[in-house]
Amino acid sequence: ETLETLIRQAENYTSILFCNTYRNMALEATASVQELFTDVGLYLFGADINPDEFVNRFFDSLFPLVYNHLINPGVTDSSLEYSECIRMARRDVRPFGNIPKRVMGQMGRSLLPSRTFLQALNLGIEVINTTDHLHFSKECSKALLRMQYCPHCQGLILSKPCMGYCLNVVRGCLAHTAELNPHWHAYIRSLEELSDAMHGTYDIEHVLLNFHVLVNDAVMQAHLDGQKLSEQVSKICGRPIRTATQSPRCSFDGSKEKHGMKISPRNDEETLANGRKEFINSLRLYRTFYGGLADELCVNELAAADGLPCWNGEDIVKRYFMCSSM
């Protein structure tokens, strides 16, 4: 959900750039902007698509708009065939310089770690869900039954098992689960290392929320090189056949603002990096979760506290203390 919100915000930033700065082409650019950020989301959540390809598609579709509205402007519109020729020519004439290549580099470096991080989280969820429904052996079930309910036969309904007795039984029942502990510990350490590496050019938040800045730089560069680009396009596509049409303009209304079509102030404490850091810090508390699960159950739920009467498997012991090594 956090990533989906980030993607929507980055898309809004880009849409608002067109609406505020390039109003003549804003509505025509809407589909391309939406497609780009849809592809970003699909890639992050595991789809088999290539970031280089969807970045290239975006800049391919942007060039005809820039050419028709900024380089060769007017109240008329070129034909669809001519616009398609301009789109196909983009990679040859390079109207945006090295900016598409920069965007591809930034997207590639930042999206892959986040995609991997999400896949790792899903793996962790799968492990937790799998171990949430354990099937105990018959021997374990009998041992738990004796530990919990044999005192009841003697009318000792409120008694709890002694700590040592509880640990022996529950550790035996959870032996297979405890084997997960070194792998779980390594999993959390890997998440920590991956999270630590996701900064700078590898920080998806920085890359996506500044994408509109690079788009603006790309449009401005094409505008400045307009004369040269016009000559190059004329050689490749010929002169445009124009039809008299008015370009639709972008306009804000209340419904768009309700759907987040505005730039809202960002709280520095609510960044994706800070949220990820808090999550990792909380996860560290559970590094030894599977190895210490039996102890946790006995100490917090099943066994009697030190110094209290308890059931040792045969009888009630008046006072029981766990021995600690000096």
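Within an unreviewed UniProt entry, the label attached to the protein chain reads Glypican 5, and the organism entered is Canis lupus dingo. Per UniProt, the protein chain has the following entry under Subcellular location (unreviewed entry): "Cell membrane".

**Here's the deal with the overall build of the protein chain**
The number of helices and strands found in the protein chain is 15 helices and four strands. Going through the 326 residues of the protein chain one by one, you find that 41% of them count as buried. Within the protein chain, counting contacts between residues at least 6 apart in sequence, those at least 24 apart form 82% of the total. Roughly 19000 Å² of accessible area belongs to the protein chain as shown, and the carbon and sulfur atoms make up 54% of that amount.

**Some remarks on unusual backbone geometry**
Backbone geometry places Arg94, a non-glycine residue, at a positive phi of 50°. The residue Arg94 is located in the loop between helix H4 (80-93) and helix H5 (99-131) in this model.

**Structural notes on the state of the cysteines**
Tallying each qualifying case throughout the model produces four disulfides. Note on cysteine connectivity: Cys85 is disulfide-linked to Cys237, with sulfurs 2.0 Å apart. For the disulfide bridge between Cys85 and Cys237, the dihedral angle about the S-S bond is near -95°, and by the sign convention the bridge is left-handed. Of this pair, Cys85 sits in helix H4 while Cys237 sits in helix H12 (residues 226-237), and the two are 152 residues apart along the sequence. Residue class for Cys85 comes out partly exposed when judged on its relative accessible area of 24%. Exposure remark for Cys237: the relative accessible area of 17% places this residue in the buried category. Two residues, Cys162 and Cys310, share a disulfide whose sulfurs are 2.0 Å apart. Since a negative S-S torsion denotes a left-handed disulfide, the Cys162-Cys310 link at about 90° is right-handed. One end of the pair, Cys162, is in the loop between helix H6 (138-153) and helix H7 (163-173); the other, Cys310, is in strand E3 (residues 310-311), with 148 residues separating them in the sequence. Like Cys310, Cys162 is buried.

**Some details on the environment of Pro95**
In this fold, Pro95 is placed in the loop between H4 and H5. Along the chain, Pro95 and Met220 lie 125 residues apart, while their C-alpha atoms are 9.9 Å from each other. With residues up to four places along the chain from it excluded, the contact list for Pro95 reads Phe63, Arg90, Ala218, Gln221, Ala222 and Leu229.

**Observations concerning the pattern of salt bridges**
It is possible for side chains of opposite charge to pair when their charged atoms get near one another. Under the counting rule described, the total for this entry stands at eight salt bridges. Asp295 serves as the salt-bridge partner of Arg171, at 2.7 Å between the closest nitrogen and oxygen. Of this pair, Arg171 sits in helix H7 while Asp295 sits in helix H15 (residues 293-302); the two residues are 124 residues apart in sequence, bridging distant segments of the chain.

**Details of the packing of helix H3 (residues 51-71) against H4**
Geometry of a packed helix pair, given as the angle between the helix axes and the separation of the axes. For the pair H3 and H4, the least separation of the axes is 8 Å and the interaxial angle reads 120°. Between H3 and H4, the crossing angle belongs to the class labelled oblique. Viewed along their axes, H3 and H4 form a crossing whose handedness is right-handed. The segment H3 lies against H4, with Asn56, Phe59, Asp60, Ser61, Phe63, Pro64, Tyr67 and Asn68 engaging Tyr82, Ser83, Ile86, Arg87, Arg90, Arg91 and Val93. Across the contact of H3 with H4, the residue classes break down as seven nonpolar, four polar and four charged.

**A few points about the packing of aromatic side chains**
Inspection of the entire model under this criterion finds 11 aromatic pairs. Judged by centre distance (5.4 Å) and plane angle (90°), the rings of Trp184 and Tyr290 are edge-to-face. Taken together, the residues Trp184 in helix H9 (residues 181-197) and Tyr290 in the loop between helix H14 (272-284) and H15 connect sequence positions 106 residues apart. In terms of burial, Trp184 and Tyr290 fall into one category: buried. Within the aromatic cluster, the residues linked to one another by ring pairs are Phe37, Phe58, Phe59, Phe63, Tyr67, Phe96 and Phe211. The residue whose ring lies beneath Arg115 is Tyr43, and the NZ or CZ to ring-centre distance is 4.4 Å.

**Quick notes on the environment of Leu174**
In this fold, Leu174 is placed in the loop between H7 and helix H8 (175-178). Between the alpha carbons of Leu174 and Cys140 there is a distance of 9.1 Å; along the sequence they are 34 residues apart.

**Side note on the side chain of Ser110**
Position of Ser110 relative to the elements: it lies in helix H5. Judged by its relative accessible area of 0%, Ser110 is buried. At a separation of 2.8 Å, a polar atom in the side chain of Ser110 contacts the main-chain carbonyl oxygen of Gln106.

Parameters at a glance
Residues numbered from 1 in each chain as written. Predicted model: local features only at pLDDT ≥ 70, side-chain atom pairs only at ≥ 80, totals over all residues. Heavy atoms only, no water. UniProt positions renumbered as here; feature names shortened; annotations may be inferred. Helix = DSSP H or I, 4+ residues; strand = E, 2+ residues; numbered from the N terminus. Buried < 20%, exposed > 50% of the residue type's maximum accessible area, 1.4 Å probe, protein only. Contact = heavy atoms within 4.5 Å. Areas by Shrake-Rupley, 256 points an atom, 1.4 Å probe, with all protein chains shown as cover. Disulfide = S-S within 2.5 Å. Salt bridge = Lys/Arg side-chain N within 4 Å of Asp/Glu carboxyl O. Axes fitted to C-alpha atoms, helices over the stretch in contact; angles between N-to-C directions. Parallel < 35°, antiparallel > 145°, perpendicular 65-115°, else oblique. Left-handed = near helix turned anticlockwise from the far one by under 90°. Nonpolar A, V, L, I, M, F, W, Y, C, P; charged D, E, K, R; others polar. Phe/Tyr/Trp six-rings, centres within 6.5 Å; stacked < 30°, edge-to-face > 60°. Lys NZ or Arg CZ within 6 Å of the ring centre and 35° of its normal. Polar contact = N/O pair within 3.5 Å; in protein donor to acceptor, adjacent residues only side chain to side chain.

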